[in-house]
Structure formats: structure tokens, C-alpha cells
Amino acid sequence: MPSGEKGGDAMDPASEIEVERGLIEKAKRVLPGGTFGNFPSEVVIREGRGGRVWDEGGREYVDFLLGSGPMLIGHAHPEVTAAVQERIAQGTTFFANNRWGIELAAAIVEAVPCAEQVRFVSTGSEADLYAMRAARAFRRRDKILKFEGGFHGMSDYSLMSLAPKRPGNFPQPIPDSAGIPRSLRDEILVAPFNDLEVVASLVREHKDELAGVILEPFQRIIPPAPGFLEGLRKITADHGVLLIFDEVVTGFRFAYGGAQEYYGVVPDLCTLGKVIGGGFPLAAIAGRADIMAHFDRNAVGDEGFLTQIGTLSGNPVAASAGLATLDILRRPGAYERLFATGRELMGALAELLKRKGLAAQVVGEPPLFDVVFTSEPVRDYRGTLRGDGDMLRRFNALLRERGILKGESKYYVSLAHTPDDIRHTIEAWASAIEVLVGG
Ligand SMILES: Cc1ncc(COP(=O)(O)O)c(C=O)c1O
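Cut-offs used in this document
- Residues numbered from 1 in each chain as written.
- Predicted model: local features only at pLDDT ≥ 70, side-chain atom pairs only at ≥ 80, totals over all residues.
- Heavy atoms only, no water.
- Helix = DSSP H or I, 4+ residues; strand = E, 2+ residues; numbered from the N terminus.
- Rg over C-alpha atoms; globule rule 2.2 N^0.38 Å.
- Buried < 20%, exposed > 50% of the residue type's maximum accessible area, 1.4 Å probe, protein only.
- Contact = heavy atoms within 4.5 Å.
- Areas by Shrake-Rupley, 256 points an atom, 1.4 Å probe, with all protein chains shown as cover.
- Lys, Arg positive; Asp, Glu negative; His and termini not counted.
- Charge placed at Lys NZ, Arg CZ, Asp CG, Glu CD.
- Near = heavy atom within 4 Å.
- Polar contact = N/O pair within 3.5 Å; in protein donor to acceptor, adjacent residues only side chain to side chain.
- Nonpolar A, V, L, I, M, F, W, Y, C, P; charged D, E, K, R; others polar.
- Pairing = 2+ DSSP bridges.
- Patch = residues over 30% accessible without salt bridge, like charges linked within 9 Å, V, L, I, M, F, W, Y side chains within 5 Å.
- Salt bridge = Lys/Arg side-chain N within 4 Å of Asp/Glu carboxyl O.
- Core = buried A, V, L, I, M, F, W, Y, C linked by side-chain atoms within 4.5 Å.

The subject of this paragraph is the overall build of the protein. When helices and strands are counted, the protein shows 14 helices and 14 strands. A compact globule built from 439 residues would reach a C-alpha radius of gyration of about 22 Å, and the protein, at 22 Å, matches this within 12%. In terms of principal-axis extent, the alpha carbons of the protein reach across some 65 × 55 × 50 Å. Burial statistics for the protein: of 439 residues in total, 54% are counted as buried. If you take every contact in the protein between residues at least 6 apart in sequence, the share linking residues at least 24 apart comes to 69%. As displayed, the protein has an accessible area near 19,200 Å², and 52% of this comes from carbon and sulfur atoms. Taking the average place of the 49 positive charges on the side chains of the protein and the average place of its 58 negative ones, the gap between the two points comes to 2 Å.

See below:
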């Protein structure tokens, strides 16, 4: 256990384990695969505070999962909790405009370089779906180019070459799910991340039918190679193709203005999620006003109008949580602290792996990284496939036993991680690596 401190009411350990076992069994009965689809069924989280979470069995973890990213400032931050409690007491959803959603849109416009206007939705998947639709409506062309390994949510258009088991031939997409209409394969082109030459030739070849290029400017854990984003910006602008940054992960995480501020390249549109909802379901499409105008029938007429309605869009509780979160991120030193924590962790992990002679790369940027067990630098999806996946799974499992919770292939760093969390993590890494190399 990391701190020995208990979350919530202390319970007899034997009954905690029993409660946990009962929940896992119930989940297996009522949920397909026993899960919400996100994480292994044996982990049932009961509570989170700051940079730590506790499971139903009473185990404590330093949390690098962070709810898959939203909890950048930590769980149950008192200011976010207070803002949300105040909102909840006054009604939780109205469908009509509300002050908090309007203020959150204004905060996004103020912060994010490409954002002249904002449309709210409830999930990153939706945001990406509508961003692609906006590009098609604006350009009156059908095709979208995405990158192999790029994650843009769960829509039929996005689930193309996200995680192909075997490499396909660029630019043909490989659907990642059953149930995706065959006809959609013709609407998506796939290129290798960080390979400007291939993208440039695809954009030139398909310029008359290509509406947009969508990418994670930092793809999963892979930073853009020097000049890659700048080159993409130029080639898309030269051919009147829209550039869409999926900043669902990087927005307000890499800098207050997101990856577009951090890397200094401004797209035409971006999508945001995770951090802007402060732990509640809220996401957004943001971008140039002339493109965003397609969400307004009065501005573009029936022909160009993009139909988009959502029951919970701009929800006041989620918007209040987002506003309280952004308030904290705007404070002097916030990003310096986040990056200092991440740099210390990345450096320590790389050093431990090197000392034991393991073929491994620590890949990422300080707020978000992981190890790939390979001797080769990782530049794209195929580079991650060359990593030893079994070794990573064993490492993750050993870490979980040592009180470290993380996603399959990501450490999300939190502003709430303390020196004690860092120390515990480094000790857990050292001990898990010992086991890895020992057998
Ligand atoms: C880059 C990126 N885009 C889109 C999404 C989809 O967001 P959501 O899970 O809110 O639908 C995710 C989710 O992790 C993501 O990482």
C-alpha cells in the first residue's frame, strides 16, 4: 500500500475482499465481458482523492489512469467538488443555453489558438465525428485522411486502422470493429504517422475529394517528429484541405492552449474532451468561425447546415466542473509543476530500465508517457508493435500488485501527484523491474 492511509470509512479487510468479489461476480452476470468495456473486470474502483484511488478490496494505488485522462488536477479536488455541489442543488440539466456552458465556451475561445467558436457534445467520440462532418460540409468533399494508430473515438469513420493486428497497405483502411459498413472504407485514407512524404503525396493525389486530415498531434504516446506538424499544416493549407487536431487528450494538458500551443502549429478545427469536463461527460468541437458557421442554419442555409443536437450538450454541472478545473490550471506554476513531475518520472524510469540493460524506450512528453520494450526509437504505430507487448503486460501487472494503477499503455501524470507518490512509483518500478529481469 502506498501510504497506509485509508480512503473513506475503514472496513474489515476480509469483508472488503468479499464485497469486491461479489461485485466482480455480479458484473460478470450483467455486463458483457464483466466490464464497461474499458478496463479489466478485476479492478473495481471505489474512490479517488488527489493522485490516489482505492479499490473495493481496500487496496490503495498511486493513480496514473486518472479516469483515462480527465482528472489532470486530481480526484475530488475541493474547488471542483464545491462548484459541482452548488450547481447540482440548482438543477442538473436544461437543454437550453446556460451561463456555465457559455462561460466555458468563452474560456476555450480565450485559451485555444484555433478556437473562434465552440460546439459542445458529451463525448470525444462525438466531437471527432462532428469535426469530420464539419470538414466535409465546409469543403463539400467526402474523404478524410487519418493516421494508422490514431484514436478518434468509436464512430464508424474513426474505427479504421486504429489498432490493426497486421500492417495493411497505405492508404487502405482496416476496420477495427465488426459492424462497420463496407462502403465507408472508401471514405477514409490511412497514412503512417510522422511520415510527411507519404501524407504529402496522398494529399496531392486526392486533393479534389479530400475534406480534411485528422490526427492526434501527439499520437497516443508518440511525439510528432520535428517539422511533421508544420509540414502537415503547409500541405493541407496549400490544397485547401482542413487540418483537424484531435486534442481530446492533449487539450489543456500539454499547455493551457493544448498541443497547438505547445508545438506551435494551429489547425483549422480541433476537438476537446477529458479535461474540459472536469470528470463529467463533456467534449467540444472548436475552430475557425467560417467552418463553425455550418452549425448555424441562419449563417449557411439549408444546404450547408450541419444538424447537431445533444440532450446533455453544454450541461451546466459538467461545465461548472470544467470551469473550476480551468481556473486551477490557469494559476501560475501549474504547468511547470506538472512537467517537473513528469520529467522526474520519465527520467527515473529510463534510468532504471537502462541500469538493468533492458531494451526499452520511454516514449512521450512529461504529462503523458509509457515504456515500449524495444531497442528501436518509436516514431509510429508500427514502431509500437515492434515493442514486446507481453513484457509490458507483465510489467503493468507487477506494478498493480505494487500499488500503481495505469492504463495498458499510458501513464497520465496529475498535478496532484506528490513527492511521496513519485517516490513510491519509483520504488515500485525498481522492484517490478527486478522481477522482470529475474524471470
Ligand atoms: C485522442 C482521443 N480522441 C477521442 C477520444 C474519445 O473520447 P471519449 O472516450 O470521450 O468518447 C479519446 C478517448 O480516449 C482519445 O484518446
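Close to the ligand lie Thr123, Gly124, Ser125, Asp128, Phe151, Gly153, Glu216, Arg220, Asp246, Val248, Val249 and Lys274, which account for all nearby residues. Within the backbone of Phe151, one N or O atom sits 3.3 Å away from a nitrogen atom of the ligand. Tallying contributions element by element places helix α4 (residues 124-139) first for the shell around the ligand, with 3 residues. Split into classes, the residues belonging to the shell around the ligand amount to 3 nonpolar, 4 polar and 5 charged.

Judged by pairing direction, the sheet is mixed, and its 4 strands sit side by side in the order β1-β2-β3-β13 without closing on themselves. Two strands lie at the open edges of the sheet, namely β1 (45-49) and β13 (404-405), each paired on one side alone. Note that β1 and strand β2 (residues 52-55) share 4 bridges and pair antiparallel. When the sheet's bridge partners are listed, Arg49 is paired in β2 with Arg52.

Attention shifts here to a negative patch on the surface. A surface patch of like charges, here negative, comprises Asp142, Glu205, Asp208 and Glu209. By the secondary structure assignment, Asp208 is in the loop between α5 (196-206) and β7 (210-215). A relative accessible area of 64% means that Asp208 is categorised as exposed.

Of the two faces of strand β3 (residues 60-63), the one lined by Glu60 and Val62 and the one lined by Tyr61 and Asp63 are each fully buried. Relative to β3, β2 runs antiparallel, the two being bridged by 3 bridges. Opposite Val53, over in β3, you have Tyr61 as the bridge partner. Counting the residues that bridge the hairpin from β2 to β3 gives 4 residues, and of these Gly58 lies at a positive phi of roughly 90°.

Right, let's get into the side chain of Ser122. Mapped onto the elements, Ser122 comes out in the loop between β4 (117-121) and α4. With relative accessibility at 18%, the residue Ser122 sits in the buried group. Ignoring any residue separated from it by four or fewer positions in sequence, one finds Ser122 in contact with Pro281, Leu282, Ala283, Leu312 and Ser313.

In this section: the pattern of salt bridges. Applying the stated criterion across every chain, the model contains 25 salt bridges. When the shortest N-O distance is used, the salt bridge between Arg49 and Glu47 registers 3.6 Å. With a relative accessible area of 35%, Arg49 lands in the partly exposed category. Residue Glu148 pairs with Arg382 through a salt bridge whose shortest N-O separation is 2.8 Å. Note that Glu148 is positioned in the loop between β5 (143-147) and β6 (188-191) and Arg382 in helix α12 (residues 381-385), a separation of 234 residues in sequence.

It is worth spelling out the nonpolar core at this point. Within the largest apolar cluster, 98 residues are counted, with the highest numbers of intra-cluster contacts made by Ile108, Phe147, Phe252, Leu329, Phe395 and Trp429. For Ile108, the residues in contact, after removing those within four places along its chain, are Ala115, Val118, Phe120, Phe252, Leu272, Ile276 and Ala286. Counting residues in each nonpolar core, the second largest holds 28 residues, with Tyr130, Leu184, Ile188 and Ile285 among its members.

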